[in-house]
Amino acid sequence: MYTVIGAGLIGLATAALLQQRGHEVRVIDPDPASQASHFAAGMLAPTAEMQFEQDPLYPLMFASADEYPEFLALIGAEDALIASGTLVVAGDRADLGHLHDVFDLQQRYGAEAEKLTPSQARKLEPALSPGIAGAVAIPADHQINPRVLMARLLQQVQVERRKAQPGDLGPQTIVCAGLGAAELFDLPLRPVYGDILRLNMPRTKGAEPLLHRVVRGFVLDRPVYLVPRGDELVLGATSREDREPLPLAGGVLDLLRDAARVLPDIQLLSIKEVAAGARPGTPDDVPLFGRDPKTSSVISTGYFRHGILLAALAARLGADQLTGVEPSEQDQAFIQAMNPERFL
Ligand SMILES: Cc1cc2nc3c(=O)[nH]c(=O)nc-3n(C[C@H](O)[C@H](O)[C@H](O)COP(=O)(O)OP(=O)(O)OC[C@H]3O[C@@H](n4cnc5c(N)ncnc54)[C@H](O)[C@@H]3O)c2cc1C
């Protein structure tokens, strides 16, 4: 019997994969699917999420994106993938300079991306503002709905609703407790809050939706994203380390203003949720994955901004590590990059 501590997407995905391989699993969480994964937008965006000086992260992000379809198939959720593609737009000429710098970085890593003029971008997404300065199309960055996927996984696995204790740790245990892992181990995790909104995007029968694909923007040097799915449009997200767990008025104001600059008709949509979630951040933005030397438990946390994307890779590596599957050379490199002992 294996124990998974934490029922966010990382823990649920790991537990489901262990079960799918025929193992008995119990999951422990006082409040399943309630933390970072609940608030996340759900973008699977290894290319659009590339930021300068995060080189150790890129291989993890691309590997997980590649593994996603197979991972979803293994847990019986292949229909959860929303293959919408992504468009990144620039609010003004300075933002376009930044967009093109990131495009050069994407090119260096062989990522699929194409520069578009404003009118080419508006052909794909007619609701975009005529004022945008340019765009980059990223056809392979997709999305899932984390809440829907977690609800499905919660139907597959049994959760004991309680907080894990040190007595639950051991070689058969994997700790996927997000920020809560810092209560069990001495790990350098910190909450990086993100304000995020969910808007109603009603569709009259036969009419085109306001947006078809994920639109990310650089506006006045700030990032903003719009994730359309069904009758919902997710608008996010700020990034702040002020330890204020409630959504911040200034953050929501920036998001709405920046979003309206690239998609003016967003002002016509009603708001169904304003929230803030805490990303489990690490000092170098790279996750923490590996055996704890004291308890021999596997630690799997610190997925920061990319935990939805990295869930496929994390679940497979976690299930492999617990059950003693010999890592391939590539997996060894991933595990080495994420070794928590770099901070212990
Ligand atoms: C606003 C926002 C937007 C985001 N958008 C994206 C995105 O588009 N794409 C992407 O890839 N990532 C995104 N992220 C990041 C992503 O949400 C996280 O990296 C990911 O959800 C982490 O998953 P997790 O399962 O490790 O942690 P969590 O989802 O935080 O789950 C941890 C679980 O552990 C439980 N727990 C804690 N302590 C204990 C304990 N002692 N005992 C038992 N259980 C415990 C908690 O109750 C919780 O259920 C976003 C994050 C935020 C906040």
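Residues numbered from 1 in each chain as written. Predicted model: local features only at pLDDT ≥ 70, side-chain atom pairs only at ≥ 80, totals over all residues. Heavy atoms only, no water.

Going by what an unreviewed UniProt entry lists, the protein chain is known as glycine oxidase and is assigned to Corynebacterium pseudopelargi. According to the UniProt record, the Catalytic activity (unreviewed entry) comment for the protein chain is "glycine + O2 + H2O = glyoxylate + H2O2 + NH4(+)". (UniProt positions renumbered as here; feature names shortened; annotations may be inferred.)

(A) Representation of the overall build of the protein chain. Counting its secondary structure elements, the protein chain contains 9 helices and 16 strands. The globule rule puts the C-alpha radius of gyration for 344 residues at 20 Å, and the 20 Å found for the protein chain is close to it. Across its three principal axes, the protein chain shows a C-alpha extent of roughly 60 × 40 × 40 Å. Residue burial in the protein chain is summarised as follows: out of 344 residues, 55% are buried. Sequence separation of 24 or more characterises 77% of the internal contacts of the protein chain that already satisfy a separation of 6 or more. On the protein chain, roughly 14800 Å² of surface is accessible, and the fraction owed to carbon and sulfur atoms is 51%. With 31 positive and 43 negative side-chain charges, the protein chain shows a spacing of 5 Å between the two charge centroids. (Helix = DSSP H or I, 4+ residues; strand = E, 2+ residues; numbered from the N terminus. Rg over C-alpha atoms; globule rule 2.2 N^0.38 Å. Buried < 20%, exposed > 50% of the residue type's maximum accessible area, 1.4 Å probe, protein only. Contact = heavy atoms within 4.5 Å. Areas by Shrake-Rupley, 256 points an atom, 1.4 Å probe, with all protein chains shown as cover. Lys, Arg positive; Asp, Glu negative; His and termini not counted. Charge placed at Lys NZ, Arg CZ, Asp CG, Glu CD.)

(B) Seen up close, the layout of surface pockets. In this model, the second largest pocket occupies a volume close to 240 Å³. The wall of the second largest pocket is formed by 15 residues, among which Pro-46, Ala-65, Asp-66, Ala-140 and Asp-141 lie closest to the centre. For the lining of the second largest pocket, the element with the most residues is helix 3 (residues 57-74), which contributes 5 residues. Here the residues of the lining of the second largest pocket are counted per class, giving 10 nonpolar, 2 polar and 3 charged. In this structure, the lining of the second largest pocket is formed jointly by two domains, domain 1 (1-84 + 142-188 + 283-344) and domain 2 (86-139 + 190-281), each of which donates at least three residues. (1 Å grid on protein atoms, 1.4 Å probe; cavity = no way out; pocket = protein on both sides within 12 Å on 5 of 7 lines; lining within 4 Å. Points joined across faces, edges and corners; volume = space filled by probe spheres on them. Nonpolar A, V, L, I, M, F, W, Y, C, P; charged D, E, K, R; others polar. Domains from an automatic or database assignment.)

(C) Highlighting the packing of helix 1 (residues 9-20) against helix 6 (residues 146-156). The interhelical angle for the contact between helix 1 and helix 6, taken along N-to-C directions, is 45 degrees, at an axis separation of 10 Å. One way to sum up the angle between helix 1 and helix 6 is to call them oblique. Taken as a pair, helix 1 and helix 6 cross one another with a handedness that is left-handed. The segment helix 1 lies against helix 6, with Leu-9, Leu-12, Ala-13, Ala-16 and Gln-19 engaging Leu-149, Met-150, Leu-153, Leu-154 and Gln-156. When the residues that make up the contact of helix 1 with helix 6 are grouped by side-chain class, the tally is 8 nonpolar, 2 polar and no charged. (Axes fitted to C-alpha atoms, helices over the stretch in contact; angles between N-to-C directions. Parallel < 35°, antiparallel > 145°, perpendicular 65-115°, else oblique. Left-handed = near helix turned anticlockwise from the far one by under 90°.)

(D) Inspection of the environment of Leu-344 at higher detail. Mapped onto the elements of the fold, Leu-344 is located in the segment after helix 9 (329-338). On the accessibility criterion, Leu-344 (53% relative accessible area) is exposed. As a C-alpha pair, Leu-344 and Phe-185 span 159 residues in sequence and 9.6 Å in three-dimensional space. Non-local contacts of Leu-344, meaning those with residues more than four positions away in its chain, are made with Asp-186, Leu-187 and Pro-293.

(E) How the structure looks around the packing of aromatic side chains. Under the criterion given, the structure shown has 2 aromatic pairs. Seen in terms of ring centroids, Tyr-58 and Tyr-109 are 4.7 Å apart; in terms of plane orientation they differ by 80 degrees. Their pairing is edge-to-face. Placement of the pair is Tyr-58 in helix 3 and Tyr-109 in the loop between helix 4 (93-108) and strand 5 (114-116), with a sequence separation of 51 residues. Its relative accessible area of 39% is what places Tyr-109 among the partly exposed residues. With a centroid separation of 5.5 Å and 85 degrees between ring planes, the pair formed by Tyr-68 and Phe-71 is classed as edge-to-face. (Phe/Tyr/Trp six-rings, centres within 6.5 Å; stacked < 30°, edge-to-face > 60°.)

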